[in-house]
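# Breakdown of the fold
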Amino acid sequence: MSAPILYESHCHTPLCHHAYGEPAEYAARAEARGLQGIIFTCHCPLPDGFSAHVRMAPEQYEDYVALVAAAREKFTGRVDVRLGLESDYYPGVEPWLEKLHARHPLHHILGSVHPQVPEYRQAWFKGDWFAYQQTYFEHLAMAAETGLFDTLAHPDLIKNEAPHEWDLARIQPYVERALDRIAATGVAMELNTSGRQKVIREFNPNPSRLRLMQARGIPVVLGADAHIPERVGEGYEDAMASLQTAGCAEISFSLDRKRQTVAITDAFASLTPATAMHGIRP
Ligand SMILES: [Zn+2]
Ligand SMILES: [Zn+2]
């Protein structure tokens, strides 16, 4: 095993009401997994009560910043704890996010289109699942073009909304057009390992999407999307293997909102296998 070089780039805190465990427990897990650091990216506050039940309230944003700062302090010299954010994208939210992102220095901003959020669905679902899938990929491309985000999170999440309506060949032209636009912005895309727990049990995105991303030179960021400490760094070896199969030799993460890139072979060598982990101390 070599020195830690990888980061967990997507994880949550109890402030979003559907994640469990204190930041220190997530950080301890990152340390035990052989990660150099962990970037907290909890669900951003949104205006007008939009999706309020699964995120911190606007007045809790300072609490979030303090919570991550306390974990950073506690883990000094052990694991590099950083402040990030998972911000929802939908047309019209841009001015809110611009102000929010400017309040404190952030290390990694995920841009997420969440088609399962009732308020989003009410605004954009018109009764036709295929049209809803097209809207999702259109919004992903628009998100990248705002310049507000470093990485697009779980970029095929829509497939789980109506799995019986998910037809890869049918949606492919829309996906490719979105990927062309995303590639032109330089924004990265996430390989999110939590997809294996969803209805369609595969990473987000799946291997065929990874090949399309790789063909366009879109950087890939790994994220477990941990809502419990045990999932920090979960599935990273499998994720990196699928990236290699797609022809990709590097993975990226973001610090100070600047892209860092490491070789997958080095990243592999730096991880502690999940089966060998012991002595976690939060
Ligand atoms: Zn969540
Ligand atoms: Zn998300």
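Residues numbered from 1 in each chain as written. Chains lettered and ligands numbered in written order. Predicted model: local features only at pLDDT ≥ 70, side-chain atom pairs only at ≥ 80, totals over all residues. Heavy atoms only, no water.

It is worth spelling out the pattern of salt bridges at this point. Oppositely charged side chains may form a pair once their charged atoms are brought near each other. By the definition in use, this model includes 17 salt bridges. The partner of Glu237 in a salt bridge is Arg33, and the shortest N-O contact between them spans 2.6 Å. Remark: Arg33 occurs in the loop between helix H1 (23–32) and strand S2 (37–40) and Glu237 occurs in helix H8 (residues 236–245); sequence separation between them is 204 residues. We note a salt bridge from Glu138 to Arg181, for which the minimum N-O separation is 2.9 Å. Here Glu138 is found in helix H5 (residues 129–146), whereas its partner Arg181 is found in helix H6 (residues 168–185), with 43 residues between them in sequence. With relative accessibility at 28%, the residue Arg181 sits in the partly exposed group. Connected through salt bridges with shared partners, the residues Arg72, Asp80, Arg82 and Asp256 form a single ionic network. (Salt bridge = Lys/Arg side-chain N within 4 Å of Asp/Glu carboxyl O. Helix = DSSP H or I, 4+ residues; strand = E, 2+ residues; numbered from the N terminus. Buried < 20%, exposed > 50% of the residue type's maximum accessible area, 1.4 Å probe, protein only.)

Within the secondary structure layout, His227 lies in the loop between strand S8 (220–223) and H8. As a C-alpha pair, His227 and Ala215 span twelve residues in sequence and 32 Å in three-dimensional space. Leaving out residues up to four positions away in the same chain, His227 has contacts with His12, His18, Ala19, Tyr20, Tyr26 and His43. Among the polar contacts listed, one links the side chain of His227 to the backbone oxygen of Asp225, at a separation of 3.0 Å. (Contact = heavy atoms within 4.5 Å. Polar contact = N/O pair within 3.5 Å; in protein donor to acceptor, adjacent residues only side chain to side chain.)

Let's shift gears to H1. Counting along an α-helix, one turn takes 3.6 residues, and residues three or four places apart therefore face a common direction. Where burial is concerned, most of H1 is hidden: eight out of the ten residues are buried. Regarding H1, the residues found buried are Pro23, Ala24, Tyr26, Ala27, Ala28, Arg29, Ala30 and Ala32. Those residues of H1 that are buried lie in contact with S2, helix H2 (61–74) and strand S3 (80–83). Directly after H1, the chain includes Gly34, whose backbone phi takes a positive value near 85°.

Protein coordination of the zinc ion (ligand 2) is provided by Glu86 (OE), His114 (NE2) and His154 (NE2), with donor distances spanning 2.0 to 2.2 Å. Motif for the zinc ion (ligand 2), donor spacing along one chain: E-x27-H-x39-H. In this model, the zinc ion (ligand 2) sits 5.5 Å from the zinc ion (ligand 1). Taken together, the residues His114 in the loop between strand S5 (109–112) and helix H4 (118–124) and His154 in the loop between strand S6 (151–152) and H6 connect sequence positions 40 residues apart. (Donors = N, O, S within 2.8 Å, 3.2 Å for Na, K, Ca; no water.)

In the contact formed by H6 and helix H7 (residues 207–215), the axes pass within 11 Å of each other and the chain directions differ by 30°. Viewed along their axes, H6 and H7 adopt a mutual orientation that is roughly parallel. Considering how the two elements wind past one another, H6 and H7 form a crossing that is right-handed. For the pair H6 and H7, contact is made by Leu168, Ile171, Gln172, Val175, Glu176 and Leu179 and by Ser208, Arg209, Leu212 and Met213, respectively. Class assignment for the residues of the contact of H6 with H7 results in six nonpolar, two polar and two charged. (Axes fitted to C-alpha atoms, helices over the stretch in contact; angles between N-to-C directions. Parallel < 35°, antiparallel > 145°, perpendicular 65-115°, else oblique. Left-handed = near helix turned anticlockwise from the far one by under 90°. Nonpolar A, V, L, I, M, F, W, Y, C, P; charged D, E, K, R; others polar.)

With that settled, the discussion passes to the sheet that holds S3. Strand order in the open sheet formed by three strands is S1-S2-S3, and the pairing between neighbours is parallel. The open sheet terminates on both sides in strands that have one partner only, identified here as strand S1 (7–8) and S3. Sheet topology note: the S2/S3 ladder contains four bridges and is parallel. If you follow Ile38 over to S3, its bridge partner there is Val81. Of the strands in this sheet, S2 and S3 touch H1, which is tilted by about 145° from S2. (Pairing = 2+ DSSP bridges.)

At 2.0 to 2.1 Å from the zinc ion (ligand 1) lie its protein donor atoms, namely His18 (NE2), His43 (NE2) and His227 (NE2). As a motif over one chain, the donors of the zinc ion (ligand 1) read H-x24-H-x183-H. Owing to a relative accessible area of 27%, His18 belongs among the partly exposed residues under this scheme.

With respect to the element layout, His12 can be found in the loop between S1 and H1. Polar contacts involving the side chain of His12 include one to the side chain of His10, which spans 3.2 Å. Excluding anything up to four places from it in sequence, His12 contacts Ala19, Tyr26, Phe40, Thr41, Cys42, His43, Glu86, Asp225, Ala226 and His227.

Our next topic: the packing of aromatic side chains. Aromatic ring pairs are reported here in terms of the distance separating the ring centres and the angle at which the planes meet. One pass over the structure, following the stated rule, counts 13 aromatic pairs. When the centroid spacing of 6.4 Å and the interplanar angle of 80° are considered together, the rings of Tyr89 and Phe149 count as edge-to-face. Of this pair, Tyr89 sits in the loop between strand S4 (85–88) and helix H3 (94–103) while Phe149 is found in the loop between H5 and S6, placing the two residues 60 residues apart along the sequence. Using a relative accessible area of 2% as the deciding quantity, one classes Tyr89 as buried. Phe149 gets classed as buried once you look at its relative accessible area, which sits at 4%. Measuring from centroid to centroid gives 6.4 Å for Tyr120 and Trp124, while their planes differ by 40°, and the two rings are tilted. (Phe/Tyr/Trp six-rings, centres within 6.5 Å; stacked < 30°, edge-to-face > 60°.)

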